[in-house]
Structures are given as C-alpha cells and as structure tokens.
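If you want the building blocks of each chain, they are given just below.
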Amino acid sequence: MTQNPTPATAPAGGAAPWRALSVVLAGAFMAVLDTFIVLVAAPAIRADLGASAADVQLILAGYQLTYAVTLITGARLGDLLGRKRMFITGTALFTLASAACAAAPGPGALVAARMAQGLTAALMFPQVFAMIQVLIPAGQRQKAFGVLGAVIGLSGTAGQLLGGVLVAAHPFGSSWRPVFWVNVPIGLVTSLLAARWVPESRDEGARRLDLPGVAALTVALFLLVVPLIEGRDSGHPLWTWLSLAGSALAFAVFAAVERRVDARGGAPLVRMGLLRERPFAVGMTLVILTYAGINSSVLVLTLTLQDGLGLSALGAAFVYVPFAAAFLATNMAAGRLARFGRRVLRAGALVAAAGHALTITLVSSAGSGLHAWQLVPALLLTGAGNGLLVPPLLQTVLSRVAPSDTGMASGVLSTGQQVGGAVGVAVAGILYFDGLGGAAPHDAGAYGHALAVATLLHLALTLVLAVLPALLPGAGRAHDGARDTRTVRAPRAPSS
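Reading the values: rules and limits
- Residues numbered from 1 in each chain as written.
- Predicted model: local features only at pLDDT ≥ 70, side-chain atom pairs only at ≥ 80, totals over all residues.
- Heavy atoms only, no water.
- 1 Å grid on protein atoms, 1.4 Å probe; cavity = no way out; pocket = protein on both sides within 12 Å on 5 of 7 lines; lining within 4 Å.
- Points joined across faces, edges and corners; volume = space filled by probe spheres on them.
- Helix = DSSP H or I, 4+ residues; strand = E, 2+ residues; numbered from the N terminus.
- Nonpolar A, V, L, I, M, F, W, Y, C, P; charged D, E, K, R; others polar.
- Core = buried A, V, L, I, M, F, W, Y, C linked by side-chain atoms within 4.5 Å.
- Buried < 20%, exposed > 50% of the residue type's maximum accessible area, 1.4 Å probe, protein only.
- Contact = heavy atoms within 4.5 Å.
- Phe/Tyr/Trp six-rings, centres within 6.5 Å; stacked < 30°, edge-to-face > 60°.
- Axes fitted to C-alpha atoms, helices over the stretch in contact; angles between N-to-C directions.
- Parallel < 35°, antiparallel > 145°, perpendicular 65-115°, else oblique.
- Expected span 1.5 Å × (residues − 1).
- Polar contact = N/O pair within 3.5 Å; in protein donor to acceptor, adjacent residues only side chain to side chain.

Draft legend 1. Fine view of the layout of surface pockets. By volume, the second largest pocket amounts to about 350 Å³. Lining the second largest pocket are 24 residues, with Leu217, Phe254, Val270, Met284 and Val412 sitting closest to its centre. Those elements that provide at least two residues to the lining of the second largest pocket are helix H2 (53-81), helix H9 (211-234), helix H10 (238-263), helix H11 (278-308) and helix H17 (406-436). Looking at the lining of the second largest pocket residue by residue, the class counts come to 20 nonpolar, 4 polar and no charged.

Printed below as a string of structure tokens:
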C-alpha cells in the first residue's frame, strides 16, 4: 500500500515550534515512565494489596497489551480528528486513569486501571512523532528526534529511580500509590499548556479506522497472554489450554480481516504481505525478542533485590544506577555507530548476553551469600549491551523496508515492542516463580536461584538476537520519514 505525503493544516515551522514540542514531550515522558516506575514498586504493590504473582504480571503486562493494540489506531485518530485534540484528550484521560490506579482498592481494580492507562497512552504518545513531522522545519527534525530519544531514555532511568524514592518516602502512609499520583500534576499542567501552545494539525487524506482489525488483534493477544500469566497460579486448568489454542485461531481471523481490508483499498493495521518480506519478518522478530527480554529482566531483578535480598525500593533503585549509566553511555555512542548497522546490533546483543551469563554465574556461585553489590559487573555489561542494541534497532530494520511501507512497518514494529514486553513478562514470570517455589521472603539463595532460572531465558534471547541480524539483507536506501506528515513513525521504548 503506497502512502504518499499529504499536506497538514498546520505547516512546519509555525510559531514557537520548539515550545510546542517541549509540551508534547512531557506526554512522551509520562507514557514511558509508567512502564518502569511500576516495576520498582511491584513488590510494595504485592505486599500492600495481597496481590498474587499473576496479579503483579497483569498489572505490568495489561498496560502494554492495551497500549499495543491501540497504538496504530491512536495515530490514525490524530490524523483524522486532529493531533492536538487527541494529544490533549489522551493526556487528560491518562491523568484520570493514573488517579484511578493510585486509588485502586485491590488488585483487580488496579489491573483494570492500568489497562485504561495503556489505552489512553496510545491516544497520547503517537501524536508526538506526528507533531515533530508537522511542526519542526525539515532541517531541524533530526535534532528533534534526537531530543525525543533522549527523553525516552531518561524517562526509563527516571522511572526506576523515582519509583524507589516515592515508595521509600511513603508519604502519608501511602506506600506505592505516589508512583501513580505523580502523573496527576504533570498531566494537568501538560494538558493546559498543550491547549495554549500546541497548534492543531490533521491529515485531510486520512482513511477510516480498521476497527475489525483492532478487535481481532485484541482478542488474539489476550487469549495468548492471560493463560500464560494465570495458568501457573490456577494449576493450568483446561481453560488455559483452550485459550492458547483459541489465540492461534484468533490470529488467523486477524490475518483474514486484514487481507479483506487491504483488498477493499482500506488501511489495515498490518498489510499481511509485509510478513512475507524478509526484512520486515526478521525485524519484527528482533523487536519482539528484544523487548521480551528487557522488560522481564527488570521485573525479576527487582523482585530479587527487594523480596529476596531485603533491599528497600530506594536501595533497589540505586542498584540500577550502574545499569543506567552504562546504557546511557553506549546509547550516546550508538548514534555515531549507526552506519555499521547489523554489526552494532550483533555487538550489543553479545555484550548483553555476556552480562546475563555473568549474572547466572554470580548468583549460582554466591548461593545464600548473595549480595546486591555482587551484581554490579553484570549490570554494567547488560546496560552497555542494551545501549548498543536498542537505539539502532528500528532504524536498521526500517532502512531495509520499501519506502512505501516504512510508515506502516514502523507502527507495527512499535506495537511489537509492547507485545514483546507483555509476553516476556508472562513467560519470564512463569520461570521465575516456578524456580522460586514456596521460598520465604529474604531467602537469598532461593531468590538467586529463581533469578538464574529466569536469566537463562534472557541469555537465550540475546544469543538469538546476536544471530538474527545476519538474516537481514544488505543496507537499503534509508527512508526519509521527515517528509511524511501523514504517517506516524512510532518511537522506541527504552531499555533502562
């Protein structure tokens, strides 16, 4: 499907474009922050609400699933109804959903509120890239995308540190709830400033939404992920196996729906022909596996540090500082190394694999004498590897996709980031809690063993990631997405 640039109602280089961009970047910051701030707060949530292991996984994965299935639709709603309007609507609703999370009386209510957060983040976040394309003059867009990348990376790091600070501060005896309340003032101020400073824009040639595709993909993903999360606690009853089988059927229905929409000249979420093209198929696999490992590794390490080693949320957050510092250092270098393409991806995967292998070695040899500081060398390696792997990932893949497909491919790959994160949390959670068994809190040996078991998955994923780039064809002509004001290029999620 060819996607030609279409004039927007707000031309590039409008009044105070950088001021407007600074406002919408606050929305990007919140959306990414809420993936990582909750990881640090997960043990406190579990203890305060009496949540099960499955509840904790759903609190994390539910956000990513609803975010994933509505991300492309959120971008198209901005094209149709106005990007400023959808950004303000998404930000306001995200703020309300955050308040609902903070006030949740139990695990079920928190899971539902987190899913609402994901839906509203999908309305808010895609508008950021579209606004860069519309508002910022062509010669400055590369700089704007660089600023956005820095905001995304910093928000991931800030999520881990801020989560620890807020849980440790325990204001008014509120435990973990401030990690959600913090969004309320940010969201209110951002909405007000956006109404004042951000100009409106839309795509006059945008086509109708693919609602049947959204519905089919939603059913397929939930049939896949929910039994993976709930199955262990419930003893893997018949319904979990039927659900997994049903997910395969639902994905087939989704493919059929998308082919029909495409054949009628509509705008499907995914053009199925892309999946038969090697660059995209390999790229989609790379993205899903990368984020499956990143999000789940942060979760199991957080549980180990707090529940197993007895660290406070703040203490656990500080353990992540070497990881974050290494990630940011190699992240900054990755931009200058982008010309090496596949080799940077392979190097990042191998360095991260070395970090995971060292983690397994350290926790296995330490046994019940495991201390948090012993993990620092492994965290340095893992952070450095992710810093090399993540920044060039979409750019390397998209440079090998036909220019006419770049807009759709980037949106689908971004959806794959969220799907990979959700599935990774589910699968790693199964391995971690099975490895933990019925161990008591602060049993360092048992929690170290569970960490080693889950890290075997992360090691396997990074080794596969080191091999897959070889399947990408030689570098193609890079796509200049800066000229396309109609298609939203979806951003990368951070690894820190």
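Draft legend 2. Region of interest: the nonpolar core. Grouped together as the largest cluster of nonpolar side chains are 138 residues, with contacts concentrated most on Leu110, Leu305 and Tyr432. By residue number, the principal contributor to this core is helix H1 (residues 17-49), which donates 20 residues. Ignoring anything within four residues of it in the chain, the contact list for tyrosine 432 reads Val300, Leu303, Thr304, Tyr447, Ala450, Leu451 and Ala454.

Draft legend 3. Structural view of the packing of aromatic side chains. A full pass over the atoms with the stated rule returns 4 aromatic pairs. Each ring, one from tyrosine 63 and one from tyrosine 67, has its centre 5.9 Å from the other, and the planes form 65 degrees; the classification is edge-to-face. With tyrosine 63 and tyrosine 67 both in helix H2, this residue pair falls 4 residues apart, about one helical turn. This pair shows no difference in class: tyrosine 63 is buried, exactly as tyrosine 67 is. Where tyrosine 67 meets phenylalanine 125, the ring centres are 6.4 Å apart and the plane angle is 75 degrees; that geometry is what we call edge-to-face. Here phenylalanine 125 lies in the loop between helix H4 (107-124) and helix H5 (126-135) and tyrosine 67 lies in helix H2, a separation of 58 residues in the sequence. Assigned by exposure class, tyrosine 67 and phenylalanine 125 land together as buried.

Draft legend 4. View of the packing of H2 against H9. Relative orientation of the contacting elements H2 and H9 amounts to 170 degrees, with a least axis distance of 10 Å. Judged by the angle between their axes, H2 and H9 are roughly antiparallel. Taking contact as the criterion, the partners of Ala53, Ala54, Gln57, Leu58, Ala61, Leu65, Thr66, Val69 and Thr73 in H2 are, on H9, Val214, Leu217, Thr218, Leu221, Phe222, Val225, Ile229, Glu230 and Asp233. Split by residue class, the contact of H2 with H9 holds 12 nonpolar, 4 polar and 2 charged.

Draft legend 5. Seen up close, helix H14 (residues 342-366). Spanning 25 residues, H14 covers 36 Å between terminal C-alpha atoms, matching the ideal 36 Å at 1.5 Å per step. When H14 is considered as a whole, its buried residues turn out to be Val344, Leu345, Gly348, Ala349, Ala352, Ala353, Gly355, His356, Thr359, Ile360, Val363 and Ala366. Remark: glycine 367 follows H14 within two positions and exhibits a positive phi of approximately 60 degrees.

Draft legend 6. A look at unusual backbone geometry. Positive phi, close to 70 degrees, is recorded for histidine 442, a residue that is not glycine. Considering the arrangement of structural elements, one finds histidine 442 in the loop between H17 and helix H18 (444-467). A relative accessible area of 54% means that histidine 442 is categorised as exposed.

Draft legend 7. Representation of the environment of threonine 285 within the structure. Position of threonine 285 relative to the elements: it lies in helix H11. Since its relative accessible area comes to 34%, threonine 285 is described here as partly exposed. C-alpha of threonine 285 to C-alpha of leucine 465: the two residues are 180 residues apart in sequence and 8.9 Å apart in space. A distance of 2.9 Å separates a polar atom in the side chain of threonine 285 from the backbone oxygen of alanine 281.

Draft legend 8. Geometry of helix H15 (residues 376-389). Between its first and last C-alpha atoms H15 spans 20 Å; for 14 residues at 1.5 Å apiece the expected length is 20 Å, and the two agree. Of all 14 residues that make up H15, 10 are buried, and the element is covered over most of its length. Those residues of H15 that fall on the buried side of the exposure criterion are Ala378, Leu379, Thr382, Gly383, Ala384, Gly385, Asn386, Gly387, Leu388 and Leu389.

Keep in mind these numbers describe shape, not what the thing actually does.
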